[in-house]
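# Analysis of the macromolecular model
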Amino acid sequence: MPAPGITVPRPCHSSLPKDTTMQDAASTQIPIHGTCTPGYEHIRDVFAENFQERGEIGSAVCIYKNGLPVIDLWGGHKDAERTRPWEKDTIVCMMSVAKSISALGVYILVERGEIDLDTPVAKYWKEFGQAGKSTITVRTLLGGRAGVLFADSAPAGSMLDYDTMVEAIARQPAEPPAAGRGAYHSLTMGFLLGALIESVDKRPFKDFIQQELCGPLGADYKFGLSDTYIERLAPVIKNTGNATMQVVLDGQAPGTALARAYHVMPKMDEFFANSDLFLKNVFPSGNGVGNARGIARIYALLAEGGTLDGIRLFSPTLVEEMRQLQWTGPCMMTGRDYRYAMGFFLNQPYFSPMGKNPNAFGHMGAGGSIGFADPEAGISFSYSPNFMCAGEGVGDRAEALIDALYAETG
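Along each chain, numbering runs from 1 in the same order as the chain's sequence is written. With pLDDT at 70 or above as the cut-off, local features in this predicted model cover only qualifying residues; side-chain atom pairs require 80 or more to be listed or tallied, and sums for whole chains, interfaces and linings still use all residues. Hydrogens are left out, water is left out, and the side-chain values use all remaining heavy atoms of the structure.

## Quick notes on the confidence of the model for the chain
Let me state the cut-off plainly: As a per-residue measure, pLDDT reflects the predictor's confidence and takes values from 0 up to 100. In this analysis, two residues are considered to be in contact whenever any of their non-hydrogen atoms come within 4.5 Å of each other.
In this model, the chain carries a mean pLDDT of 89, and residues with pLDDT of at least 70 account for 90%. Segment residues 1-28 is flagged for pLDDT under 50; beyond a separation of four residues in sequence, or across chains, it makes 60 contacts in the model.

## Structural notes on the sheet that holds strand S5 (residues 92-93)
Hydrogen bonds along the backbone pair up the strands of a sheet, which may run parallel or antiparallel. Keep this limit in mind: One bridge is not enough; two strands pair if DSSP finds at least two bridges between them. Think of it this way: any DSSP run of H or I at least four residues long counts as a helix, any run of E at least two long counts as a strand, and we number them from the N terminus.
As summarised here, the arrangement of the 3 strands in space is S5-S7-S6, forming an open sheet in which the pairing is antiparallel. The open sheet terminates on both sides in strands that have one partner only, identified here as S5 and strand S6 (221-222). Strand direction decides the pairing type here: S5 and strand S7 (residues 289-290), joined by 2 bridges, are antiparallel. Within the sheet, the bridge partner assigned to Cys93 lies in S7 and is Val289.

## Here's the deal with helix H12 (residues 292-303)
Stated precisely, the cut-off is as follows: One less than the number of residues in a helix, times 1.5 Å, gives the span that helix is expected to have. Relative accessibility decides the category of a residue: with a 1.4 Å probe and only protein chains considered, values under 20% of the type maximum give buried, values over 50% give exposed, and everything between is partly exposed.
Its 12 residues give H12 an end-to-end C-alpha distance of 16 Å, which sits within 8% of 16 Å, the value for a rise of 1.5 Å per residue. Among the residues of H12, Ala292, Gly294, Ile295, Ala296, Arg297, Ile298, Tyr299, Ala300, Leu301, Leu302 and Ala303 are the ones counted as buried. After H12 finishes, the residue Gly305 shows a positive phi value of roughly 80 degrees.

## Let's talk about the packing of aromatic side chains
Geometry of an aromatic ring pair is reported as the spacing of the ring centres plus the angle between the planes. Note the cut-off: Ring geometry is summarised as follows: Phe, Tyr and Trp rings, the Trp one being its six-membered ring, pair when their centres sit within 6.5 Å, and such pairs are stacked at plane angles under 30 degrees, edge-to-face over 60 and tilted between the two.
Inspection of every chain in the model, using the stated rule, returns 19 aromatic pairs. Between Tyr299 and Phe344 the ring centres are 6.3 Å apart and the planes differ by 80 degrees, which places this aromatic pair in the edge-to-face class. You can see Tyr299 sitting in helix H12 and its partner Phe344 sitting in the loop between strand S11 (337-340) and strand S12 (345-346), a full 45 residues away along the chain. A relative accessible area of 0% places Tyr299 in the buried class. Taken together, Tyr184, Trp327, Tyr338, Tyr340, Phe345 and Phe351 form an aromatic cluster joined through their ring pairs.

## A short note on the side chain of Asn239
Applicable threshold: The definition of a polar contact used here is a pair of N or O atoms within 3.5 Å, where within protein one atom must be able to donate a hydrogen and the other to accept one, and adjacent residues in sequence count solely through side-chain atom pairs.
Position of Asn239 relative to the elements: it lies in the loop between helix H8 (227-230) and helix H9 (243-249). Among the polar contacts listed, one links the side chain of Asn239 to the backbone oxygen of Met388, at a separation of 3.0 Å.

## Looking at the pairing of strand S15 (residues 379-385)
Among the 7 residues of S15, 7 are classified as buried, and the element is accordingly described as predominantly covered. Side chains of S15 alternate between two faces, with Ile379, Phe381, Tyr383 and Pro385 and Ser380, Ser382 and Ser384 buried alike. Relative to S15, strand S3 (residues 58-65) runs antiparallel, the two sharing 7 bridges. Note on S15: the bridge partner recorded for Tyr64 is Ser380. The pairing of strand S14 (residues 370-374) with S15 spans 5 bridges and is antiparallel. When the sheet's bridge partners are listed, Phe372 is paired in S15 with Phe381. Counted between consecutive antiparallel strands, the loop separating S14 from S15 contains 4 residues, among which Gly378 sits at a positive phi close to 65 degrees.

## As for the pattern of salt bridges
Put simply, the test is: For salt bridges, the criterion is a side-chain nitrogen of Lys or Arg within 4 Å of an Asp or Glu carboxyl oxygen.
Under the definition given, this model contains 19 salt bridges. The salt bridge partner of Arg293 is Asp72, with a shortest N-O separation of 2.8 Å. You can see Arg293 sitting in helix H12 and its partner Asp72 sitting in strand S4 (residues 68-76), a full 221 residues away along the chain. Judged by its relative accessible area of 24%, Arg293 is partly exposed. Asp72 sits in the buried class, given a relative accessible area of 14%. Its salt-bridge partner being Arg232, residue Asp220 comes within 2.9 Å of it at the nearest N-O pair.

## As for the environment of Ala377
Mapped onto the elements of the fold, Ala377 is located in the loop between S14 and S15. C-alpha separation for the pair Ala377 and Gly355, spaced 22 residues apart in sequence, amounts to 9.9 Å. For Ala377, the residues in contact, after removing those within four places along its chain, are Lys65 and Asn66.

## Considerations on the pairing of strand S2 (residues 32-36)
Regular strands show a simple pattern: their side chains alternate between the two faces of the sheet. Of all 5 residues that make up S2, 4 are buried, and the element is covered over most of its length. Of the pairings in the sheet, the one linking S2 to S4 comprises 5 bridges and is antiparallel in character. Note that in S4 the partner of Ile32 across the bridge is Gly75.

## Some points on the packing of helix H2 (residues 97-111) against helix H7 (residues 205-217)
Heads up, the rule is: The axes used here are C-alpha line fits, helices contributing only the stretch in contact, and every angle between their N-to-C directions lies in the interval 0 to 180 degrees. Note on angle classes: values under 35 degrees are labelled roughly parallel, values over 145 roughly antiparallel, values of 65 to 115 roughly perpendicular, and the remainder oblique. Whether a crossing is left-handed or right-handed is set by the direction in which the near helix is turned from the far one by less than a right angle, anticlockwise for left-handed and clockwise for right-handed. Here the term charged refers only to Asp, Glu, Lys and Arg, the term nonpolar to Ala, Val, Leu, Ile, Met, Phe, Trp, Tyr, Cys and Pro, and the term polar to all other amino acids, Gly among them.
Where H2 contacts H7, the axes come no closer than 10 Å and their chain directions differ by 70 degrees. Judged by the angle between their axes, H2 and H7 are roughly perpendicular. The chirality of how H2 crosses H7 is left-handed. Across the interface between the two elements, Ile101, Ser102, Leu104, Gly105, Ile108 and Leu109 of H2 pack against Phe205, Phe208, Ile209, Glu212 and Leu213 of H7. Of the residues that constitute the contact of H2 with H7, the class distribution is 8 nonpolar, 2 polar and 1 charged.

Spelled out as structure tokens, the structure:
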């Protein structure tokens, strides 16, 4: 049900002119803006229903089909009090979607021949070879089979000190066995991939991602925000029923692998994800900030085989490599059943729903953000909310939008 005092207008069933508002004269409390290509009206309806029936506060959804945007909607409010409208350029922390962006940074260097997937990481990042890790390959790392899950020697509270974290991870032994068993590298994956990129390219990770991936594609997504960028931000709104928040942010599972990993998270009075400390520093596993439009565009390039609007970043062969299944079953870190590829999750209805294609691939973030590509259907999809979902997956609001997409497209 909607929050008290909130009403949602019934959207009309005609395509939206560019930058128009979907509302009636009697109801202006839940503004929904954007564009909708004819044939996709049901998705627009479901987006509106999310506010009325599923507790949505503010969000955006963007969908590409065959390289062209067919849905680009945003609506609601930036704040829990519903006083600041969500605007076209509003951004939000999309949490672990960042891991897939970090992986794409590595793949840019693979495409250029500067990194080989079957070469040990330590050839490029020499410090990584410590503590018996000298034979772990780039493929093993991207495939979530390296077992480098922790940063035990990093001081408590040091998660946003990038250099300290990279040095601690380089010293960390792999969990046995180093390869073969799969694990979601919840804390460490972004640092591992960021350090690999920096060792080869020499630019800071955040600059590389901006200059080589997001900038060329015109994708609104960034690590390490300036004050100007923060002005566009929709703060993350906590949901006490969110599983990741319970374990990682609220410390409700002491003694678990996740608790061991996140001993480095700073303790703060304010909600951590909205602090300047979090937003202005670089945590490549989880603090990339952007919106559905930017992430859908990045994934549209993957859905189109590595080229979009004349911009070629990857060969079709390398895109296929990205989505090859590496392991399935219980994760060493979380205990959850995953289907994991090469820096991406594969479609799995329970945790990472991506439509009908089992080989669709992408990444979700704690709270419900998601981006994915379905090359066979020519689809990319992204959703970026500010109100965290409940449970372990992407939540009912994202699922409703994805279901609506595939109900219309087949």
